[in-house]
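# Architecture at a glance
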Amino acid sequence: MSNRSNKVAYAIGMALGVGVAATAPQAALAQQAAQESLSVEEVVVTAQRRTQSLQDVPIAIQVVDSTLIDAVAAENLGDLNGFIPGLVVSGNSPTQPKYQIRGIQTSDFGVGTDPAVGVYVDGIYAARSGASLLAFNDVERIEILKGPQGTLFGRNSAAGAISIITHQPEDVFHSTLRVRFGEHGKQYYEGMLNTPLGDSVALRVNGVYNKSDGWLEDAATGQDLMPEENWAGRVALRWKLSEQTSATLSWDHDDLDQLARPAIGLIAVQPGQTQIPFPADPTTYIDPRKAPVYNDVVGNEESRQLDQVNLFIDHSFGEVDFRSSTSWRQFETVNREDEDGTNLIATYFDTANIEDNESFYQELKFSGSNDRIDWVGGVSYYKEKANQISDTHTFTDAIDTLGMNLGFFDDLGLYGFTSSLIEPFGLSMLGLPWREAMYNRGDFEAFAAFGDVIWHVNDRMNLTFGLRYTHDSKEFRWTNGPHETPELDAVVAGLDELGFFDTIGVPAEIYRFGDVAFAVDTPPGGLTLKDSWDDVSPRLVLDYKVVANVMVFGSLAKGYKAGGYNSTEVASKFDNEDVWNFETGIKSVFPQAGVVLNASAFYYIYDNKQAIVLATDVEGSDIPQYLVDVSDEEAWGIDIDAQWRPIDQLRLYANVAFIDATYKEKFTRGDNPIDLSGQPTGEPYLSASVGASYGWALGDAGDLELSGRFAYRGKQRCNDDSEQQGDCSLQTIFKVGEATERLDLRLAWSSAKDTFGLAAYVTNVLDDQYVTGINNLTASTFGTPFASISEPRQWGVEARMSF
């Protein structure tokens, strides 16, 4: 790590050291007794689709509970980014997040493809990324499973799985109210009520509301940017029908309505400026962390409305347990965002992603155990209907700029020149909107049957074998038409009627500018393709208890990601992706020392991995396009998860992930393909997270706890295509892909009976901001590359009451 990282670690140590010194006499007197009675808390997980102790599960898992969620003031999965090494969550656009585990992610947001990281809530698959980054609502814990989970969790968990487990209704009355206020107008409210309704029924209700003004400001209008506004609610009713049977019915709603992320332009815009120099010169880029931000999107919006109903029925047949899981989900999203980073109409360009999705899921699962085996098996069915519109919006002024930059028009442009002729008559072709849209529809079905058996060979050794068969069927339609310019068409029609075009000797059709080709036209009625894929995903695990609290294991597992279609490339189809992962590790607990140490080493081969990339040299087009490219990848690495509780008041945490990921075979798309075989995929070698907490027992006055969490992610490993994709940049006054660090601190007080609580927190204490990427979508057309940056330091206070 850097010198700064060492300083951060020293700062955490000093902060906690002050507390230790202040209570040294009491700690010294109590230390011997504390060590004698010290115990390591057992963590229970359901990573293998049955309830087990974390230390008995031969999978690399990191469990996130309320301790970490509170320590970093996390309100969704994106807020945990960096604190779980090996997991990357890009959540700047909550309706279009990206998840990555061990260097594997799916970068496409289109409905024709599926993610490589599966997100599950109470065992129900959240199929689309647009509805996966939801507000934390009554979360009990989160299990991050690293490596392919195709056998246990199914399709589209080739890289791993994120399993979110919520609190369920209980037979006792309790309730909680939490409020949080902070910088930039931050307001956060959460309430929960759990109550029994008679002897056999329990109800649990939870609600969350979150709002902030945003931490960026439009330099031209003063409007706050990067705001937050969302609310979520959950109602769960549990009914114990008999001693053997119970049912739980739940309804979830999530509502998000805020501005979309801004584009921070890298080209300086001066007052009175009307055009941007072309082509873009990287030596003139400005630092986006210090640059003025302009956001002129017409209809700027990022919104989501989601409803989900789940029904779980559990029944015991004695030695066999049965669970039926039924789920219906519907959501709509809109994300219309800036793509040029200026407030000039001559370079105006925005895109919109609009989705409407409905899905149904049914699983029947049986499980049982005896002295020799522990087994689980079942079948599942999934059906989804997805509609997506991918919009691009601009104006005729920007079409002129595009034509001039690409050499189609002279210095005035087509519409500018014509407007100079007709302006004396009160007419103009400038300032008129121009829209192109790609319409996609997908009808998807999937069926699976699975089984997993743990054979207890003896009291120390277990042998596990699992198998899942999956059948995926997909029908996909592209419907793209010519651009929509009704206002321009009306002006052209009026001039044509007056004989204007005959007078100047120019045909009226030229004002349609052929097709700008942001989208390729399809036949009338669209183009439909249909295909299916079959997969068998096995896993084989051997674990052995060296001593009572030390287990070693080895495993071989396969992951599967269904084939599909690229929403933005008409008639493109790709086959399923497969990953084979070999892993060996150790799970160990040393109760007398208060230490938990888990580690694993892995090697995987990923075949036929699909990715959406930006290509600027596509044959027959001067417009950059997002295309699918294919690669085979391999990686090896190490994961370490450690906890130490040297005395009752002090807890230390450390998580480390090392990975060396490279392309086995890859050529970029375009007229001039680049051979990236043998080069790094971009994933840094090292990421790590450390933390500490120290508590003071204040007797009748309650308890006080100081906690700190530090996250580190190493420098991006660049390849020959990284700069084009915006992942790395070495030519500008700022760095892209540099190592990142973040430190969060929290001081919390709770009353003696934990009825009341107060806390103050600071995220990103050192105020380190980083350029997280450059987007070159409009760099080669309008000369307007833009960037995104990480959040600044923010502080807040909160209060909690339970009764």
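For the structure itself, look to the data block above.
The paragraphs below set out a description of the structure included in this document. (Residues numbered from 1 in each chain as written. Predicted model: local features only at pLDDT ≥ 70, side-chain atom pairs only at ≥ 80, totals over all residues. Heavy atoms only, no water.)

As a further point, take the sheet that holds strand S38 (residues 786-789). In space, the 3 strands of this open sheet follow the order S18-S38-S37, with antiparallel pairing throughout. At either margin of the open sheet sits one strand with a lone partner, and together these are strand S18 (264-265) and strand S37 (771-775). (Pairing = 2+ DSSP bridges. Helix = DSSP H or I, 4+ residues; strand = E, 2+ residues; numbered from the N terminus.)

Assignment of secondary structure puts serine 419 in helix H5 (residues 414-422). Note on serine 419: relative accessible area 0%, which makes it buried. Sequence spacing of serine 419 and leucine 430 is 11 residues, and the spatial spacing of their C-alpha atoms is 6.8 Å. When sequence neighbours within four positions are dropped, the list of residues in contact with serine 419 reads Leu427, Ser428, Met429 and Leu430. (Buried < 20%, exposed > 50% of the residue type's maximum accessible area, 1.4 Å probe, protein only. Contact = heavy atoms within 4.5 Å.)

Our focus in this paragraph is the packing of aromatic side chains. Going through the model one piece at a time under the given rule, you end up with 20 aromatic pairs. Relative to tyrosine 565, the ring of phenylalanine 476 has its centre 5.5 Å away and its plane inclined at 5°; by these criteria the two rings are stacked. Pair noted here: phenylalanine 476 is in strand S24 (residues 461-480) and tyrosine 565 is in strand S27 (residues 564-565), with a separation of 89 residues, a long-range link. An aromatic cluster is built from Tyr415, Trp434, Phe500, Phe501 and Tyr511, whose rings are joined through pairwise contacts. The ring of phenylalanine 602 carries arginine 102 above its face, with NZ or CZ at 3.8 Å from the centroid. (Phe/Tyr/Trp six-rings, centres within 6.5 Å; stacked < 30°, edge-to-face > 60°. Lys NZ or Arg CZ within 6 Å of the ring centre and 35° of its normal.)

Turning to the sheet that holds strand S3 (residues 61-64), a few remarks are in order. Taking strand neighbours across the sheet as the criterion, the 5 strands line up as S3-S9-S10-S7-S8 in an open arrangement whose pairing is mixed. Edge positions in the sheet fall to S3 and strand S8 (124-125), since each has one partner strand and no second. With 4 bridges joining them, S3 and strand S9 (residues 139-146) adopt antiparallel strand pairing. Looking across to S9, one finds that isoleucine 61 is bridged to leucine 145.

This part takes up the environment of threonine 274. Topologically, threonine 274 is positioned in the loop between S18 and strand S19 (301-316). Among the residues examined, threonine 274 registers a relative accessible area of 56% and is labelled exposed. Remark: the alpha-carbon pair of threonine 274 and isoleucine 389, spanning 115 residues in sequence, is separated by 31 Å. Discounting residues that sit within four places of it in the chain, threonine 274 has contacts with Leu344 and Ala346.

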